[in-house]
Amino acid sequence: MELAHDYTLTVADVAAHYALSRRTIRNCLKDGSLSGVQVNGQWRCSWTDVWRAEKGPMPRGKRSKAYKADLLTKRSLALEWSVSERTVERWIAAGLPTRNVFGSVRIAPVDAVEWMRQNFVGSGNAA
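Right, let's walk through the structure included here. The structure presented is a predicted model; accordingly, all values stated were derived computationally and were not measured.

Conventions adopted
- Residues numbered from 1 in each chain as written.
- Predicted model: local features only at pLDDT ≥ 70, side-chain atom pairs only at ≥ 80, totals over all residues.
- Heavy atoms only, no water.
- Helix = DSSP H or I, 4+ residues; strand = E, 2+ residues; numbered from the N terminus.
- Buried < 20%, exposed > 50% of the residue type's maximum accessible area, 1.4 Å probe, protein only.
- Salt bridge = Lys/Arg side-chain N within 4 Å of Asp/Glu carboxyl O.

### Considering unusual backbone geometry
Positive phi, normally seen in glycine, also occurs at Ala19, with a value near 60 degrees. For Ala19, the position within the fold is in the loop between helix H1 (11–18) and helix H2 (22–31). For Ala19, a relative accessible area of 35% corresponds to the partly exposed category. Despite not being glycine, Phe102 has its phi angle at roughly 50 degrees, a positive value. Topologically, Phe102 is positioned in the loop between strand E4 (99–101) and strand E5 (104–106). For Phe102, a relative accessible area of 26% puts it in the partly exposed group.

### Focus on the pattern of salt bridges
Counted according to the given criterion, the structure contains 7 salt bridges. In this structure, Arg63 engages Glu114 in a salt bridge whose closest nitrogen and oxygen atoms are separated by 3.0 Å. Pair noted here: Arg63 is in helix H4 (residues 63–66) and Glu114 is in helix H7 (residues 109–119), with a separation of 51 residues, a long-range link. Given a relative accessible area of 30%, Glu114 falls into the partly exposed group. Where Glu89 meets Arg86, a salt bridge forms, and the shortest distance between an N and an O atom there is 3.6 Å. One end of the pair is Glu89 and the other is Arg86, both in helix H6 (residues 85–93) and 3 residues apart, which spans about a single turn. By relative accessible area, which is 47% here, Arg86 ends up partly exposed. Among the ionic contacts, a cluster of salt bridges with common partners joins Arg63, Asp111 and Glu114.

Purely geometric stuff here, so don't read any function into it on its own.
Okay, structure coming up:
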């Protein structure tokens with residue numbers, strides 16, 4: 001069955017994507033900082049709504065699929081790469097792309113991988 005709309009993301013889905021609480025997402029929907037619709041009393045969002053709220057480039061074409069992955073916090077990226085959060089902050093200062101989500105810094109996994117490849121693969125400077 002094909003959907004007549006693209007509002008398929010629940011509050012829980014959006015909260016997981018942003019690494020924020022469901023309450024924060026509901027508050028953002030209520031105050032209008034995140035667009036969405038109510039379906040049978042439940043909030044729903046589209047990927048366009050989610051990406052528009054991220055304060056980063058709007059994913060287009062083939063790249064849009066990669067930007068549906070849950071965003072990383074500085075802490076989660078540090079744990080994944082076995083470095084300190086301070087190291088991640090230095091990477092951000094050096095140009096690691098970020099997405100600002102309601103005042104919180106988040107990193108798209110695809111951006112982190114591409115940035116790491118450009119800056120560290122083969123250089124022996126992973127941290």
